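Reading the structure
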Amino acid sequence: MMEFGVIFTESLAAIKKNIIIIAPTVIASLIMLIVTSIVLGSDLATIDEKNFDKTILAIAPRLFAISAFNYFLQVFSHCTTIAMAIDIVNKGTCNFFDSCLTVLTKINTIVPASFLILILLTFGLILLILPALIVCFVFILTFIIIMNEDINPLWAMQKSYRTMKDNFSSSVVMFFFLLSVGITVNIINLLFGQMHYIGVVFSLFLSGVFMAFAALTLLKYYMTIEARRQPVEL
């Protein structure tokens with residue numbers, strides 16, 4: 001049975017020792033706040049019950065573009081966090097700029113994988129929430145594998161699927177634990193979002209901690225499974 005208590009404790013300890021690992025999520029969130037404010041700020045400020053449908057229809061193309069930009073920005077920040085997590089596990093420390101460069105060297109693998117997952121997620125959402133959750137579940141290790149190995153996008157997605165399938169019981173526990181923590185973090189962020197500047201700062205910090213925790217947990221989970229697959233040398 002997977003020792004999740006050890007994995008979670010080690011992940012939190014690593015974040016405490018290397019708090020810079022929250023930087024990718026915080027920076028990406030700040031960029032999105034600025035971009036959204038510039039592109040949609042004036043339109044959103046004029047929305048009321050009388051012109052809601054008309055305004056939403058008018059800004060729909062920009063809203064779609066911002067959503068797409070946000071998705072790929074989050075993928076980039078997630079991969080940067082993973083790169084930093086890998087350095088922490090291997091070296092005990094990490095560097096934000098070095099990790100960004102590492103992500104850029106793998107961008108030709110990251111982009112196709114993110115497109116494929118986005119397409120599957122879109123179809124999953126069209127078919128209601130359960131198919132989308134299944135897509136998230138089976139491909140949750142894709143970017144961990146890409147950042148940890150020299151592998152093409154399709155093989156990374158296939159390996160993620162097989163890893164989650166072959167270790168179904170522990171994978172379900174890990175997935176729903178992270179999902180429940182993520183939902184809790186979002187609820188807390190919504191509550192603190194009413195506190196204006198202090199709430200925004202707290203939300204950015206909490207989101208950064210969660211994403212770092214998720215990246216470290218997924219990485220340690222995957223590395224534990226891979227270590228068990230390796231034959232023992234006598």
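An account of the accompanying structure is given in this report. (Residues numbered from 1 in each chain as written. Predicted model: local features only at pLDDT ≥ 70, side-chain atom pairs only at ≥ 80, totals over all residues. Heavy atoms only, no water.)

What follows covers the overall build of the protein. Per the secondary structure count, the protein includes 10 helices and zero strands. Taken from N to C terminus, the helices and strands of the protein fall in the order α-α-α-α-α-α-α-α-α-α. Counting the 234 residues in the protein, one finds 42% classified as buried. Taking the contacts inside the protein whose residues are at least 6 apart along the sequence as the reference set, 73% of them involve residues at least 24 apart. By element, 71% of the accessible surface of the protein is carried by carbon and sulfur atoms, the whole surface being about 13600 Å². (Helix = DSSP H or I, 4+ residues; strand = E, 2+ residues; numbered from the N terminus. Buried < 20%, exposed > 50% of the residue type's maximum accessible area, 1.4 Å probe, protein only. Contact = heavy atoms within 4.5 Å. Areas by Shrake-Rupley, 256 points an atom, 1.4 Å probe, with all protein chains shown as cover.)

For the rest of this paragraph, the subject is helix α6 (residues 129-138). The complete set of buried residues in α6 reads Ala132, Val135, Phe137 and Val138. The inward-facing, buried residues of α6 abut α5 (107-126), α8 (153-166) and α9 (168-192).

Counting residues in each nonpolar core, the largest one holds 57 residues, and the members touching the most others are Ile21, Ile110, Leu141, Phe143 and Met147. For Ile21, the residues in contact, after removing those within four places along its chain, are Ile15, Thr81, Met84, Ala85, Ile88, Ala212 and Leu216. Membership of the second largest hydrophobic core comes to six residues, among which are Ala28, Met32, Ile59 and Leu73. (Core = buried A, V, L, I, M, F, W, Y, C linked by side-chain atoms within 4.5 Å.)

Taken as a whole and judged by the stated rule, the model has 12 aromatic pairs. With a centroid separation of 4.3 Å and an interplanar angle of 20°, the aromatic rings of Phe8 and Phe177 are classed as stacked. Linking Phe8 in helix α1 (residues 4-17) with Phe177 in helix α9, this pair joins segments that are 169 residues apart in sequence. Using a relative accessible area of 15% as the deciding quantity, one classes Phe8 as buried. (Phe/Tyr/Trp six-rings, centres within 6.5 Å; stacked < 30°, edge-to-face > 60°.)

The next point concerns the layout of surface pockets. Quantified by volume, the largest pocket comes out at close to 1700 Å³. Lining of the largest pocket is provided by 42 residues; of these, Tyr71, Gln74, Cys136, Phe210 and Met211 occupy positions nearest its centre. Elements with a contribution of two residues or more to the lining of the largest pocket: α2 (23-45), α3 (52-91), α5, α6, α9 and α10 (196-229). Per-element accounting of the lining of the largest pocket gives the leading share, nine residues, to α10. Looking at the lining of the largest pocket residue by residue, the classes come out as 28 nonpolar, 14 polar and no charged. (1 Å grid on protein atoms, 1.4 Å probe; cavity = no way out; pocket = protein on both sides within 12 Å on 5 of 7 lines; lining within 4 Å. Points joined across faces, edges and corners; volume = space filled by probe spheres on them. Nonpolar A, V, L, I, M, F, W, Y, C, P; charged D, E, K, R; others polar.)

Here Phe205 shows up in helix α10. For the pair Phe205 and Thr25, spaced 180 residues apart in the sequence, the C-alpha separation amounts to 8.8 Å. Setting aside residues no more than four positions away along its own chain, Phe205 makes contact with Ile19 and Ile22.

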